[in-house]
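# A closer look at the structure
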Amino acid sequence: MNVGKYAKTIVAALFAAVVIAKSAVTDGVYSPAEVIDTVLAVLTALGVWAVPNARQSDLSQR
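Parameters at a glance
Residues numbered from 1 in each chain as written. Predicted model: local features only at pLDDT ≥ 70, side-chain atom pairs only at ≥ 80, totals over all residues. Heavy atoms only, no water. Helix = DSSP H or I, 4+ residues; strand = E, 2+ residues; numbered from the N terminus. Buried < 20%, exposed > 50% of the residue type's maximum accessible area, 1.4 Å probe, protein only. Expected span 1.5 Å × (residues − 1). Bend = angle between axes of the 7 residues up to and from the residue. Contact = heavy atoms within 4.5 Å.

We now examine the overall build of the chain. Each helix and strand in the chain was counted, giving 3 helices and 0 strands. For the chain, the sequential pattern of α-helices and β-strands runs α-α-α. Split into buried and exposed, the 62 residues of the chain put 13% on the buried side.

In this section: helix 1 (residues 3-26). Turn by turn, an α-helix covers 3.6 residues, leaving residues three or four places apart pointing in a common direction. For helix 1, built from 24 residues, the straight-helix expectation of 34 Å at 1.5 Å per residue is met to within 8% by its first-to-last C-alpha distance of 32 Å. Where helix 1 bends most, the angle comes to about 30°, and this point is Thr-9. For helix 1, every residue scored as buried is listed here: Thr-9, Ala-12, Ala-16 and Ser-23. Considering only its buried residues, helix 1 is in contact with helix 2 (32-50).

By themselves, these are just geometric observations and shouldn't be taken as functional.
Below, the structure is given as structure tokens:
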């Protein structure tokens, strides 16, 4: 398995999990605002997965 291929997605999913965990344990109540935070975190992780990583040749042109 090539972890580098999925590194962006792994990091985004990890941060989404942190946001969800923070929301869940902060006050013991899962409010509508926390639900919105959770949905946005999951959508962000999915968005990161959907955008392909830059190829090495694209990075050298910058």
